[in-house]
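# Observations on chain architecture
Residues per chain, in single letters:
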Amino acid sequence: MATIKYYAAALAASLAFALPVGGASAATVVNVELWDKGNDVPMGTNMAFDTPSLDMSKATMGTKAIPAKAPAGVVTFHVKNSSKDTVHELIVMYLVDPTKPLPYVDKDSKVDEAKTADKGEVSELQPGKSGSLTVVLKPGKYLLICDVAGHFAAGMWSEFEVTK
């Protein structure tokens, strides 16, 4: 019986430290749509972030975040794959140096995630499905990308900023 009381007290103490002081602190909610123009439209190329003379109106895939900016702290991304026939994912990547492109592996048609500051992801969402991700983000520039083969280069990324 003493053991149960000890664990109950320990649990209560740990929960007290986990709760925010001064009331509940809600996460900033960001709604993200993953979209494409359909399987019958040829996948675009050369639309990766930081491509010179980029015309995003030619992108065949994309991500749209509303809002595209959030204050530092807890951020929840509600992600919807609006595609009718294509699996997509969402990865939140911190741009350590926003002047440099992400490391891209041409033979795999993907970003080398092992060489990035990946903050979390909603993995492979089937068409029409949704998922969510809650992360703590510091101020800076981020990219929201889909890294399914070819999708990033087809324009499936958007800039996201976290402010102080």
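Residues numbered from 1 in each chain as written. Predicted model: local features only at pLDDT ≥ 70, side-chain atom pairs only at ≥ 80, totals over all residues. Heavy atoms only, no water.

## Overview of the side chain of Asp147
The condition is simple: A helix here means a DSSP run of H or I that spans at least four residues, while a strand means a run of E at least two residues long, and both kinds are numbered starting from the N terminus. In protein, a polar contact means a hydrogen-donor-capable atom and an acceptor-capable atom, both N or O and within 3.5 Å, with residues adjacent in sequence counting only if both atoms are side-chain atoms; elsewhere, any N or O pair within 3.5 Å suffices. The contact rule is simple, with two residues in contact once any of their heavy atoms fall within 4.5 Å.
Inspection of the secondary structure assignment puts Asp147 in the loop between strand S10 (140-145) and strand S11 (157-163). At 2.8 Å, the side chain of Asp147 and the backbone nitrogen of Val111 are in polar contact. Leave out the neighbours within four places in its chain, and Asp147 touches Glu89, Ile91, Lys110, Val111, Glu113 and Phe152.

## A short note on the pattern of salt bridges
In plain terms, the rule: For salt bridges, the criterion is a side-chain nitrogen of Lys or Arg within 4 Å of an Asp or Glu carboxyl oxygen. Think of it in three bands: residues with accessible area under 20% of the maximum for their type are buried, residues over 50% are exposed, and the middle band is partly exposed, with areas taken using a 1.4 Å probe on protein chains only.
What the rule picks out here adds up to 4 salt bridges. Linking Asp108 and Lys107 is a salt bridge whose minimum nitrogen-to-oxygen distance equals 3.5 Å. Its relative accessible area of 38% is what places Asp108 among the partly exposed residues. When salt bridges with common partners are traced through the structure, they connect Lys69, Lys141 and Glu161 into a single cluster.

## Things to note about the nonpolar core
What counts here: Among buried residues, the Ala, Val, Leu, Ile, Met, Phe, Trp, Tyr and Cys ones that are joined through side-chain atoms within 4.5 Å form a nonpolar core.
Val32, Phe77, Leu137 and Phe160 are the most contacted members of the largest nonpolar core, which totals 25 residues. Elements with a contribution of two residues or more to this core: strand S1 (28-36), strand S2 (61-66), strand S4 (73-81), strand S5 (88-94), strand S8 (117-125), strand S9 (130-137), S10 and S11. Sequence-distant contacts of Phe160, defined by excluding residues within four places in its chain, comprise Val30, Ala65, Pro67, Ala68, Lys69, Ala70, Phe77, Leu137, Gly140, Lys141, Tyr142 and Leu144. Core analysis: the next-biggest nonpolar cluster, separate from the first, contains 11 residues, Phe49, Met93, Leu95 and Leu102 among them.

## Things to note about the sheet that holds strand S3 (residues 69-71)
Condition: DSSP calls a pair of strands paired once it identifies at least 2 bridges connecting them. An axis is simply a line fitted to the C-alpha atoms; with a helix, the fit covers only the stretch in contact. Between two such axes, the angle follows the N-to-C directions and lies from 0 to 180 degrees.
In space, the 5 strands of this open sheet follow the order S3-S11-S10-S5-S8, with mixed pairing throughout. One side of each edge strand has no neighbouring strand; the edge strands of this open sheet are S3 and S8. Going from strand to strand, the sheet's axes swing by 20 degrees on average, the running direction of each strand aside. With 6 bridges joining them, S10 and S11 adopt antiparallel strand pairing. Bridge pairing in S11 places Tyr142 opposite Phe160.

## Some points on the environment of Gly150
With respect to the secondary-structure elements, Gly150 resides in the loop between S10 and S11. Under the relative-accessibility criterion, Gly150 is labelled buried at 11%. Sequence separation between Gly150 and Asn46 is 104 residues, and the spatial gap between their C-alpha atoms is 9.9 Å. Excluding its chain neighbours within four sequence positions, the residues that come into contact with Gly150 are Met43 and Ser109.

## Focus on the sheet that holds S9
Spatially, 4 strands are ordered S2-S1-S4-S9 in an open sheet, and the strand pairing comes out mixed. A single partner strand is all that each edge strand has here, and the edge strands are S2 and S9. Strand-to-strand twist across the sheet, computed as the mean angle between neighbouring axes with direction ignored, equals 20 degrees. Pairing of S4 with S9, which is carried by 8 bridges, proceeds in the antiparallel orientation. Counterpart to Val79 in the pairing with S9 is Gly131.

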